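# Report on the structure
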Amino acid sequence: PTFFTPPHPPPPAAQESRGLGDVYKRQDTYNQVKENFEKMFTVFFNGGKGTIELSDRNDPLNSDINIFAQPPGKRNNSLKMLSAGEKSLTAIALLFSIYQYKPSPFCILDEIDAPLDDINIKKFTDVIKDYSKTTQFIMVTHNKLTMESADCIYGVTAEKQGISKLMSIDFS
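Residues numbered from 1 in each chain as written. Predicted model: local features only at pLDDT ≥ 70, side-chain atom pairs only at ≥ 80, totals over all residues. Heavy atoms only, no water.

This paragraph deals with the overall build of the protein. In terms of helices and strands, the protein carries four helices and six strands. When the helices and strands of the protein are placed in sequence order, the string is α-β-β-α-β-α-β-α-β-β. The buried share of the protein, reckoned over its 172 residues, is 30%. Carbon and sulfur atoms make up 56% of the accessible area of the protein, which amounts to about 12,000 Å² in all. (Helix = DSSP H or I, 4+ residues; strand = E, 2+ residues; numbered from the N terminus. Buried < 20%, exposed > 50% of the residue type's maximum accessible area, 1.4 Å probe, protein only. Areas by Shrake-Rupley, 256 points an atom, 1.4 Å probe, with all protein chains shown as cover.)

So this is what it looks like as structure tokens:
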């Protein structure tokens, strides 16, 4: 479905040149994100193999992107066969792979750690610590281990029913 139609389409020559440039840009972006994902997957899983593939290499602008994930010691043909934690780590690895391509000085993560167990929280917070050298992260979380890894915490607590209190803790 088309959500936006320009009021006046560009001339055919402009469409052709823009289309070829878009293909090269998309291919370059795809290649870099793919390389980043393959590395990040092994970081989060301590090995294994993760990759992404275009479903139609002849039409990269309209192609779906397929995600393949095989944690160490598992034979996997489908993401459906992964546990919830493994699916989450795979998604987080892809998120950081895209982030590596286009880094930002500021990043908000909302409950990204919720489905992770304690072992995977440690892997996740280690990556966050590493990236915190160049990026400020704001994380919404209820996970104690994630909170313990923070430099500072801002929160809301209810000491008495119906009365909220704002709090901040700076660990540095």
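There's more to say after this.
Let us now look at the pattern of salt bridges. Using the criterion set out here, one finds eight salt bridges in the structure. A salt bridge links Lys34 to Glu53; the shortest N-O distance between them is 3.0 Å. Of the two residues, Lys34 is situated in helix α1 (residues 12-45) and Glu53 in strand β1 (residues 49-54); the sequence distance between them amounts to 19 residues. The pair Lys34 / Glu53 is uniform in exposure class, with both members buried. The partner of Lys122 in a salt bridge is Asp126, with the nearest N and O atoms 2.8 Å apart. (Salt bridge = Lys/Arg side-chain N within 4 Å of Asp/Glu carboxyl O.)

Glancing now at the environment of Thr141. In this structure, Thr141 sits in the loop between β4 (136-140) and α4 (144-148). In the structure, Thr141 is positioned 28 residues away from Asp113 in sequence and 7.2 Å away in space, judged by C-alpha atoms. Among residues more than four places away in sequence, those in contact with Thr141 are Glu111, Asp113, Thr146 and Met147. In this structure the side chain of Thr141 is engaged in a polar contact, spanning 2.6 Å, whose partner is the side chain of Asp113. (Contact = heavy atoms within 4.5 Å. Polar contact = N/O pair within 3.5 Å; in protein donor to acceptor, adjacent residues only side chain to side chain.)

A few words now on the nonpolar core. In terms of nonpolar packing, the biggest core is built from 27 residues, with Phe44, Phe96 and Phe124 touching the most fellow members. The element that contributes the greatest number of residues to this core is α1, accounting for seven residues. Filtering out sequence-adjacent residues up to four positions away, Phe44 remains in contact with Leu89, Ile92, Ala93, Phe96, Lys123, Phe124 and Val127. (Core = buried A, V, L, I, M, F, W, Y, C linked by side-chain atoms within 4.5 Å.)

Below, the discussion takes up the layout of surface pockets. Of the pockets and cavities examined, the largest pocket occupies roughly 670 Å³. Taken together, 22 residues line the largest pocket, and the ones lying closest to its centre are Phe137, Ile138, Met139, Ala150 and Cys152. Secondary structure elements with two or more residues in the lining of the largest pocket: α3 (118-131), β4, α4 and β5 (152-160). It is β5 that contributes the most residues to the lining of the largest pocket, six residues altogether. A per-class count over the lining of the largest pocket returns 12 nonpolar, eight polar and two charged. (1 Å grid on protein atoms, 1.4 Å probe; cavity = no way out; pocket = protein on both sides within 12 Å on 5 of 7 lines; lining within 4 Å. Points joined across faces, edges and corners; volume = space filled by probe spheres on them. Nonpolar A, V, L, I, M, F, W, Y, C, P; charged D, E, K, R; others polar.)

That is the geometry; function is a separate question.
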